[in-house]
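Residue strings, one per chain:
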Amino acid sequence: MESFSQLARQRRSHRKFTSEPVSGEDLKSILETALRAPTGHGSRQWHFVTVTDPDKIAALSEVRDTRSQFLAEAPLVIAVLGQPESQRTWIEDGSVAAVTMQYQAQDLGLGSCWCQIRGRFKNIPTGSDSDIPLAVIASEPAQTVSSEQMVRQILQIPDSCSVLCLLAIGHPAEPREPLAESELPWDRVHSEKY
Ligand SMILES: Cc1cc2nc3c(=O)[nH]c(=O)nc-3n(C[C@H](O)[C@H](O)[C@H](O)COP(=O)(O)O)c2cc1C
């Protein structure tokens, strides 16, 4: 294992993956780090749905008009869910768990990328013969469908859970250069006062 500093210096998002699956052992390590992650009031109310079924992953890749299509290449997708009714910090808890999983994946030589679902929508052209269930479309204004609702439908997620994001994880198809020291916005860091 390299040091955390080295890991953090190398970190980049990966959206292109080889077809090699993520091993069960690696998946377990990734999930274990999420289950050990800090949560507000120690609530630990997140849920995680692991997805390897190519048909489901293909469907998930189409829940947004843009910036979700890369999911289709991933051998593994993990949906990060929270329970807003009982978990006041569900967004923070989910974000901490998601990023922790991303670093664990990287430590295992895997690549990952976050796909935002919370607050995102998909436009369905009027008269579209899309196979998105009408019940989902009808609950949204015009022909705009909540990406979250679509994910909920695909993964049979109960209404009590909200979907924060989907993590694509796999073996990187190509290396990515780390950010150069000169690209770091140190001017965003303030000392003692803004
Ligand atoms: C909260 C959050 C939401 C993101 N949503 C998406 C997304 O929907 N689609 C995507 O391709 N990348 C997404 N990303 C990845 C960012 O685009 C990426 O981190 C950023 O461009 C910086 O690149 P790097 O991670 O390689 O340094 C998201 C990252 C974060 C932290």
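Above this text is the structure in question.
Quick notes on the rules
Residues numbered from 1 in each chain as written. Predicted model: local features only at pLDDT ≥ 70, side-chain atom pairs only at ≥ 80, totals over all residues. Heavy atoms only, no water. Core = buried A, V, L, I, M, F, W, Y, C linked by side-chain atoms within 4.5 Å. Buried < 20%, exposed > 50% of the residue type's maximum accessible area, 1.4 Å probe, protein only. Helix = DSSP H or I, 4+ residues; strand = E, 2+ residues; numbered from the N terminus. Contact = heavy atoms within 4.5 Å. Salt bridge = Lys/Arg side-chain N within 4 Å of Asp/Glu carboxyl O.

Student: How should I be thinking about the nonpolar core in this particular structure?
Tutor: Buried together is how nonpolar side chains tend to be arranged in soluble globular proteins. In this structure, Leu60, Leu71, Val77, Val151 and Leu166 are the most contacted members of the largest nonpolar core, which totals 24 residues. At the level of elements, helix 3 (54–60), strand 2 (76–82), strand 3 (111–116), helix 6 (147–155) and strand 6 (162–170) are the ones that each hand at least two residues to this core. Sequence-distant contacts of Leu166, that is, excluding residues within four places in its chain, are made with Leu60, Leu71, Val77, Ile78, Ala79, Cys113, Trp114, Cys115, Ile117 and Val151. By size, the runner-up hydrophobic cluster in this structure holds 20 residues, among which are Leu27, Ile30, Phe48 and Leu110.

Student: What's the story with the pattern of salt bridges in this structure? I'm lost.
Tutor: Where charged atoms of side chains with opposite charge meet at close range, the side chains can pair. Tallied over the full model, the rule gives three salt bridges. We note a salt bridge from Glu32 to Arg36, for which the minimum N-O separation is 3.0 Å. Note on Arg36: relative accessible area 65%, which makes it exposed. Notably, a salt bridge pairs Glu62 with Lys122, separated by 3.8 Å at the nearest N-O pair. Taken together, the residues span a long stretch of sequence, with Glu62 in the loop between helix 3 and strand 2 and Lys122 in strand 4 (residues 121–123) at a distance of 60 residues. The exposure class assigned to Glu62 is partly exposed, which follows from its relative accessible area of 37%. Exposure remark for Lys122: the relative accessible area of 13% places this residue in the buried category.

Nothing here speaks to function; it is geometry throughout.
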